[in-house]
Amino acid sequence: MAMSLRVVVPPHPLIGHWLSMLRDANTPFPLYAAAMGELGRWLTYEAIREWLPHQPVSITTPSGTAEGKVVDPAVPLLAVPMLRSGLGLWQGAQTVLPSARVAHVGVSRRAPTAEADWYLDALPAPIQSRMGVLVFTSQVASGASLALVLERLRSLGVSGPRLRVITCVCASPGLRLLGESFPDLSIYTACIDAELNRHGQIVPGIGEPEKRLFDGPD
């Protein structure tokens, strides 16, 4: 793996708590959805802590004046949820970034090769040169689907410090793939798991997010 790939696992107890809810096979689907939303909120908060542009302001309080900081409205943000399960993360993240522009993308895996292919690309073209971009994907297993989206963003001029990925869990094989192709990428995740099983699923992982979010109980 390229050493410059930046993978951040914030040591916040609430991130660990909500990850545990996702891991548990007995978590009911409404709580699973809530847990993913909470991870989206907390991971986004960590990802933008030193990244979100801000500017100093002078404020008149009821009893005097104070110096403060506000988010710089001149620097736009683009949220890119990967369908469908990336919507679970974005549901929580949008409470942190209510003014962000949203562009959905969809990538499917074709049997029997599991090759990634587009079915929706709502990315704006061009993307403003000052726009920060956050990609939301529920998990990074092989990394192939995310790599397809990142390559598309790179073709639109988006890479490096103005691009970040938010995800619940990453597998080491997926991180190796991304590190080789996108060495300047920053990823914020709740956990790194070591391996994939023979079906390409993360072990121990969080199950099948799309099924657990949208299909409900059997």
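The model shown is predicted, which means the values in this text are computed figures rather than measured ones. Within each chain, residue numbers correspond to sequence positions counted from 1 in written order. Per-residue local features are limited, in this predicted model, to residues with pLDDT of at least 70; the limit for side-chain atom pairs, both in listing and counting, is 80 or more; totals at the level of whole chains, interfaces and linings are taken over all residues. As a convention, hydrogens and water are excluded, and side-chain values are obtained from all of the structure's heavy atoms.

Engineer: Mind showing me how you'd approach helix 1 (residues 13-23) here?
Structural biologist: Working note: α-helix, 3.6 residues per turn, so residues spaced by three or four point in the same direction. Buried within helix 1 we find Ile-15, Trp-18, Leu-19 and Leu-22. Within helix 1, the buried residues cover an arc of 105° as seen down the axis, which keeps them to one side. Residues of helix 1 that are buried in the fold lie against helix 2 (29-47), strand 10 (163-171), strand 11 (186-193) and helix 6 (209-214). Between buried and exposed lies partly exposed: a residue is buried under 20% and exposed over 50% of the maximum accessible area for its type, with that area taken using a 1.4 Å probe on protein chains only. Numbering of helices and strands runs from the N terminus, with a helix taken as a DSSP run of H or I at least four residues long and a strand as a DSSP run of E at least two residues long. Think of it as the arc spanned by the lines of direction from the helix axis to the C-beta atoms. Working rule for contacts: check all heavy atoms of both residues, and any pair within 4.5 Å makes them a contact.

Engineer: How should I be thinking about unusual backbone geometry in this particular structure?
Structural biologist: Across residues other than glycine, the phi torsion is negative in most instances, and most of the peptide bonds are trans. Between Leu-83 and the following residue, Arg-84, the backbone shows a cis peptide bond with an omega angle of -10°. Looking at the element boundaries, Arg-84 is found in the loop between strand 4 (77-83) and helix 3 (86-93). Look at the link from Val-203 to Pro-204: it is a cis peptide, with omega at 0°. Positionally, Pro-204 belongs in the loop between strand 13 (202-203) and helix 6.

Engineer: Is there a simple way to think about the pairing of strand 2 (residues 54-61) in this case?
Structural biologist: For a regular strand, side chains alternate in direction, first toward one face of the sheet and then toward the other. In this sheet, strand 3 (residues 64-71) lies alongside strand 2 in antiparallel orientation, the contact comprising eight bridges. Across the sheet, Gln-55 pairs through a bridge with Val-70, a residue of strand 3. Being paired, for any two strands, means DSSP has found at least two bridges between them. Counted between consecutive antiparallel strands, the loop separating strand 2 from strand 3 contains two residues.

Engineer: How should I be thinking about the pattern of salt bridges in this particular structure?
Structural biologist: Pairs can form between side chains of opposite charge once their charged atoms are near each other. By salt bridge we mean one thing: a side-chain nitrogen of Lys or Arg within 4 Å of a carboxyl oxygen of Asp or Glu. Tallying each qualifying case throughout the model produces six salt bridges. Ionic pairing is found between Arg-41 and Glu-38, a salt bridge with its closest N-O pair at 3.0 Å. Taken together, the residues Arg-41 and Glu-38, both in helix 2 and three residues apart, mark about one turn of the helix. Taking the relative accessible area as the measure of exposure, Arg-41 reaches 29% and is therefore partly exposed. Between Glu-151 and Arg-154 there is a salt bridge; the shortest N-O distance is 2.6 Å. In this pair, Glu-151 and Arg-154 are both assigned in helix 4 (residues 144-155), three residues apart and thus about one turn of the helix distant. Among the residues examined, Glu-151 registers a relative accessible area of 39% and is labelled partly exposed.

Engineer: Looking at this structure, I do not really get the nonpolar core. What am I missing?
Structural biologist: In globular proteins that are soluble, nonpolar side chains generally tend to be buried together. To qualify as a nonpolar core, a set must consist of buried Ala, Val, Leu, Ile, Met, Phe, Trp, Tyr and Cys residues joined through side-chain atoms within 4.5 Å. If you look at the biggest cluster of nonpolar residues, it comprises 34 residues, and the most contacted ones within it are Leu-22, Met-36, Leu-39, Phe-136 and Ile-206. If you list the elements that add at least two residues to this core, you get helix 1, helix 2, strand 4, helix 3, strand 8 (132-136), strand 10 and strand 11. Broken down by element, the residue count for this core peaks at six residues, all from helix 2. With near-sequence residues (within four places) excluded, Phe-136 lies in contact with Thr-44, Ala-79, Val-80, Pro-81, Met-82, Gly-86, Leu-89, Trp-90, Ala-93 and Ile-166. If you look at the next biggest cluster of nonpolar residues, it comprises 29 residues, including Val-80, Ala-103, Leu-163 and Cys-170.

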